[in-house]
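Below, each chain spelled out in residue letters.
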2 protein chains.
Amino acid sequence: MPGDSAEENPASAPAKEESKTDDKPKEPKEMKAVVLTGFGGLKMLKVQSKPQPTPGEGEVLIAVKACGVNFLDLMLRQGVTDNPPKTPVIMGYECAGTIEAIGEKTEGFSVGDNVIALKECHCWAELASIPAKYVYKIPEGMTFHDAAAIAMNYLTAYIILFDIGNLRSGQSILAHSIGGGVGQAIIQLTKTVENVTLYGTASAHKHESLKPNVTHLFDHGVDYAQEIRKLSPEGVDIVLDCLCGDYTNKGISLLRPMGRYILFGTSSVVTGETKSFFSFAKSWWQVDKISPLKLYDDNKFLAGFQLRQLLFRENQHEYVRQLMDKLFKLYTDGTIKPVIDQVASFEDIAEAMQRLHDRKNIGKIILDPTIQPKEKTKNEAEAEDRAKSDSEPEESTKSETEPEESIDSDSEPEEISPPDTEPEEIIKPDVKPTEIAKSDTKPEAKPKPADAEAAAPADAAPAATADAATEEPKAEETPAEGEAEKTEEEAPAPAE
Amino acid sequence: MPGDSAEENPASAPAKEESKTDDKPKEPKEMKAVVLTGFGGLKMLKVQSKPQPTPGEGEVLIAVKACGVNFLDLMLRQGVTDNPPKTPVIMGYECAGTIEAIGEKTEGFSVGDNVIALKECHCWAELASIPAKYVYKIPEGMTFHDAAAIAMNYLTAYIILFDIGNLRSGQSILAHSIGGGVGQAIIQLTKTVENVTLYGTASAHKHESLKPNVTHLFDHGVDYAQEIRKLSPEGVDIVLDCLCGDYTNKGISLLRPMGRYILFGTSSVVTGETKSFFSFAKSWWQVDKISPLKLYDDNKFLAGFQLRQLLFRENQHEYVRQLMDKLFKLYTDGTIKPVIDQVASFEDIAEAMQRLHDRKNIGKIILDPTIQPKEKTKNEAEAEDRAKSDSEPEESTKSETEPEESIDSDSEPEEISPPDTEPEEIIKPDVKPTEIAKSDTKPEAKPKPADAEAAAPADAAPAATADAATEEPKAEETPAEGEAEKTEEEAPAPAE
């Protein structure tokens, strides 16, 4: 596949400024891409110059304007997905942009079409060549950022709510990690059905912004099962679980008659910045096997769902295309509108992924290869200086606002040794969450209360230089990495 | 509950003729009922005189005109259902008739309403007192026989196809035992969705009559899984399994991506006339437990469904009432019309149950307390005489037309000793399947080819007296019982 075999070539990295403002292919036929150089922590992420792909048979070449960041990317980075690709690899499962070229025997698309596309890796680049069966023309009026925020999250939410969950009016749902990208999609799609009771779990700092749209919110730390039993003694109709582990058994036990438990993620296996065999194995051990005869006795249903599996292993792209059309209609008529947590440059990928890992995001994190890396404000520069001088990592205060989950508290992360890395190209976060725009259409919108709360310990923010350039080598001991290492020893709340 | 504690009282049995033609309560306040005197074989079934129930608070008293016979009744008779009731007990889970009296604090019904009702036992009687929450007014133009044929079977089929199976156009279904009551309901309801491929298993002798309505039919004896793989290499969307045991694992393996396996019966545990602990345990052992993580990897769903559990343990009567209304609309507009295999008198219950056990029925078997026990033809009387004289049981030829299922062939039935029975009241079958009407509206309609085929060994038919009276003691060694005992040692095809 184009780009797969490309080698690192730091010397030919594009000039700083040109690479941000020019959507057309560069003269030397290279492009900027977010590359995973090996499985592990944030330092495995690098923005590199890579040969531009050319569209193969049945493929289209997309000039990428927006990419979606998913928890799946975090799991891939740590090497805990099924059949992970060989590294180095260009990351990313979804991108939106404009078709720039069309491969042979490719029908249904024209140069200039605005599209969203899904692919197993290779999406986080200025150009992506993607089989047409995974490419969808977006409707008039849909922004690229919205398109990239809709694809994986809303497809997943739609399928688990309607095609598997068979949601009906008057029913009740428990959805974990309701504040994340899929969670926000669940909230909006659930509103298309009358009189649904929505129970959600989310980190405490997100409750304020989620409250208007979720019937009952629970922090991950509380015994949500007991609370739900008080409110719905019979249990709930649908449990949407992206966490797995102990959440699975609890979820199944919470089902009312004819209730359905749907596992669509296993993010509780991620307990630190890098792969932990211990938490991985524990999650599998914790999940009880169940006899169909038990389901027969109890009138219960179990289901598992993975969009990635469905599209790329099981070849169900036609089914997915039908659903994408439905989602586009819902977008056009105003029923759905993705909540975008932040739009980050490629160079800000490490901070963006750490934000996802720390469950700070409310809604979707988008990468935009056409925007500049963020510049710090005067306050941030001062905060950074303070942080440098007292070396107090931000995480020490974060743990107070993010209660620990018992299933995570005893995990022992086993970091995989970085295979090849000198940090010459690693991108450091250079802004704090307080700066993060909540919408692509209003990049300077003031942060929501939850964000302000999450970012409260501003004087312990990670350090970064004021220079927006990102290709310069940085010292390994910057607070950004210190923060990541600290995180591994803590127990983050489950994924959102 | 009225009727539960009533004792046997053969001496006060109603006079033969009056009991068949009079729907009103008898002078001595007694009624005819089909009583299970203990768990076991056909001889445990007796038509007895029982005190008439009076409707309790929230109940209605129904003058019964039709009762449904289900495979569940067979399992109850053998004592292999969950939490079986104490014997003696009036059998039957569904009946249709006219409301004759209304208990205190019972709303929504009037005397004279025509209704269908569900209850855990107590339905096979001339009068049944049933909680109003399980009673449904039937629409104008629906016969009692149709009502009794619709209730359990169509509710089950509707729920598993649409509410659990979420059937969509273009999908494929594998339904086992497609020739039975639920199977016929599945056939008809499936037709409301466009372009569905319906795979069905059924005994060979039913194929001729099922062919026009089932895309591909398989005998239970063939390797249907392999055949389906040839026709649908990806597998099927929905597996509807009323058999369990090895069929469960095969069914799950046959699912295509996003496919759902639904267990709604366990009739493969019935391998003889009476309870077999061996086949019971084997069925449980055969069913593999499954991890939700496996479902997550494969995009598959598992579900179990039991209407009895849903209504009587899980209290979901309001949900069931909504569905019953939908079914009534489908009946009224002609979309569904139950296929009735035969309408039998209470006195013919043993033959009716044996027919169900032997998988000879195509569609629903109905009991009608208002009709006369069947009288034999001259040929039948002769056949009976021959059978008496040469004591050649019918079963010796039956096994040639009903191929044995491999999973059943090594079962060792362990008959439970009858607790209390002298056969003074047992009802003997006195007609052969050739006489069985295929429709309640045309009781004299000529039998379908499949029936004629099944009844071919007419000269070995069970003996019975020409007398229509049923309350007289009969000798234990009649061929009817000999047939039943023989059956235990054989391996019938799975239930339909």
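The structure displayed is predicted, hence computed values, not measured ones.

**Some remarks on the overall build of chain A**
Now for step 1: Counting its regular elements, chain A contains 16 helices and 16 strands.
Now for step 2: Relative to its 496 residues, chain A shows a buried fraction of 65%.
Now for step 3: Residue pairs in contact within chain A that sit at least 24 positions apart in sequence constitute 76% of those at least 6 positions apart.
Now for step 4: Split by element, the accessible area of chain A, about 17800 Å² in all, is 50% carbon and sulfur.

**Thoughts on the sheet that holds strand β2 (residues 45–51) of chain B**
All names here are of chain B.
Now for step 1: The strand order across the open sheet formed by three strands is β2-β1-β4, and the pairing between neighbours is antiparallel. The sheet is open, and its two edges are formed by β2 and β4 (89–90), each paired on a single side.
Now for step 2: Two strands pair when backbone bridges link them, and strand β1 (residues 30–36) and β2 are joined in this way by seven bridges, in the antiparallel orientation. Looking at the pairing, K32 lines up with S49 of β2.

**Let's talk about the pairing of strand β5 (residues 94–102) of chain A**
Now for step 1: In this structure, strand β3 (residues 59–69) of chain A lies alongside β5(A), joined through seven bridges in antiparallel fashion. Counterpart to A:A63 in the pairing with β5(A) is A:T98.

**A short note on the relation of the copies chain A and chain B**
Now for step 1: For these two chains of identical sequence, chain A goes onto chain B by a turn of 180 degrees and a shift of 0.0 Å along the axis, with RMSD 0.0 Å. Both chain copies can therefore be described as sitting about a two-fold axis.

**Observations regarding the sheet that holds strand β1 (residues 30–36) of chain A**
Now for step 1: Taken together, three strands build an open sheet; the order of strands is β2-β1-β4 (chain A) and the sheet is antiparallel. The sheet terminates laterally at β2 (45–51) and β4 (89–90) of chain A, the two strands that pair on one side only.

**Structural notes on the interface of chain A and chain B**
Now for step 1: Across the contact, 46 residues belong to chain A and 47 residues belong to chain B.
Now for step 2: Interface area for chain A against chain B, summed over the two sides, is near 3800 Å², with a carbon-plus-sulfur share of 56%.
Now for step 3: Per-residue buried area on chain A facing chain B is highest for A:P292, A:L293 and A:Y296; these three make up 19% of the total on that side.
Now for step 4: Our enumeration of links across chain A and chain B arrives at two salt bridges.
Now for step 5: Salt-bridge contacts for A:R168 lead to B:D163; the nearest nitrogen and oxygen are separated by 3.2 Å.
Now for step 6: Joining chain A to chain B, the criterion identifies 24 residue pairs in polar contact (both at pLDDT 80 or more).

**A closer look at the confidence of the model for chain A**
Close inspection of predicted coordinates is inappropriate for parts of the model with low pLDDT.
All names here are of chain A.
Now for step 1: A residue-level look at chain A finds 68% of positions with pLDDT of 70 or above and a mean pLDDT of 77.
Now for step 2: Counted against residues more than four places away or in other chains, residues 1–22, with its pLDDT under 50, gives 40 contacts.
Now for step 3: Ignoring residues within four places in sequence, the model shows residues 387–496, a span with pLDDT below 50, making 248 contacts including any to other chains.
Now for step 4: ipTM for the predicted complex: 0.73, alongside a pTM of 0.74.

**Side note on the side chain of A:E126**
Residues and elements named next belong to chain A.
Now for step 1: The residue E126 is located in the loop between β6 (114–118) and β7 (127–131) in this model.
Now for step 2: A relative accessible area of 7% means that E126 is categorised as buried.
Now for step 3: Of note is the side chain of E126, whose polar atom sits 2.6 Å from the backbone nitrogen of K32.

**Section: unusual backbone geometry**
Where the residue is not glycine, phi is negative for most of them; where a peptide bond is considered, it is trans in most cases.
Now for step 1: Going from A:T87 to A:P88, the amide bond is cis rather than trans, its omega being -5 degrees.
Now for step 2: Here A:P88 shows up in the loop between α2 (71–78) and β4.
Now for step 3: Positive phi is not limited to glycine here, since A:R359 has a value of about 55 degrees.
Now for step 4: Within the secondary structure layout, A:R359 lies in the loop between α12 (349–357) and β16 (364–367).
Now for step 5: A:R359 gets classed as buried once you look at its relative accessible area, which sits at 0%.
Now for step 6: You will see that B:H122, though not glycine, has its phi angle at about 80 degrees, which is positive.
Now for step 7: Of note, B:H122 is situated in the loop between β6 (114–118) and β7 (127–131).

**Brief notes about the packing of aromatic side chains**
Now for step 1: Taken as a whole and assessed by the stated rule, the structure comprises eight aromatic pairs over all chains.
Now for step 2: With a centroid separation of 6.2 Å and an interplanar angle of 25 degrees, the aromatic rings of B:Y199 and B:F218 are classed as stacked. One end of the pair, B:Y199, is in strand β10 (residues 197–201); the other, B:F218, is in strand β11 (residues 216–218), with 19 residues separating them in the sequence. Just as B:Y199 is buried, B:F218 falls in that class too.
Now for step 3: Across the ring face of A:F109, the terminal group of A:K137 is positioned such that the distance to the ring centre comes to 5.8 Å.

**What to know about the nonpolar core**
Now for step 1: Among the nonpolar cores identified, the biggest contains 261 residues, and A:W124 and B:W124 are the most heavily contacted of them.
Now for step 2: Tallying contributions element by element places helix α3 (residues 144–164) of chain B first for this core, with 16 residues.

**Describing the environment of A:L210**
All names here are of chain A.
Now for step 1: As for its position among the elements, L210 is in helix α5 (residues 207–210).
Now for step 2: As a C-alpha pair, L210 and I362 span 152 residues in sequence and 8.7 Å in three-dimensional space.
Now for step 3: What L210 contacts, discounting residues up to four positions off in sequence, is I178, G179, Q184, I187, A202 and L217.

Reading the values: the criteria
- Residues numbered from 1 in each chain as written.
- Chains lettered and ligands numbered in written order.
- Predicted model: local features only at pLDDT ≥ 70, side-chain atom pairs only at ≥ 80, totals over all residues.
- Heavy atoms only, no water.
- Helix = DSSP H or I, 4+ residues; strand = E, 2+ residues; numbered from the N terminus.
- Buried < 20%, exposed > 50% of the residue type's maximum accessible area, 1.4 Å probe, protein only.
- Contact = heavy atoms within 4.5 Å.
- Areas by Shrake-Rupley, 256 points an atom, 1.4 Å probe, with all protein chains shown as cover.
- Pairing = 2+ DSSP bridges.
- Least-squares fit on C-alpha atoms with pLDDT ≥ 70 in both.
- Buried area = accessible area lost by both parts, 1.4 Å probe.
- Salt bridge = Lys/Arg side-chain N within 4 Å of Asp/Glu carboxyl O.
- Polar contact = N/O pair within 3.5 Å; in protein donor to acceptor, adjacent residues only side chain to side chain.
- pLDDT = per-residue confidence, 0-100.
- Phe/Tyr/Trp six-rings, centres within 6.5 Å; stacked < 30°, edge-to-face > 60°.
- Lys NZ or Arg CZ within 6 Å of the ring centre and 35° of its normal.
- Core = buried A, V, L, I, M, F, W, Y, C linked by side-chain atoms within 4.5 Å.

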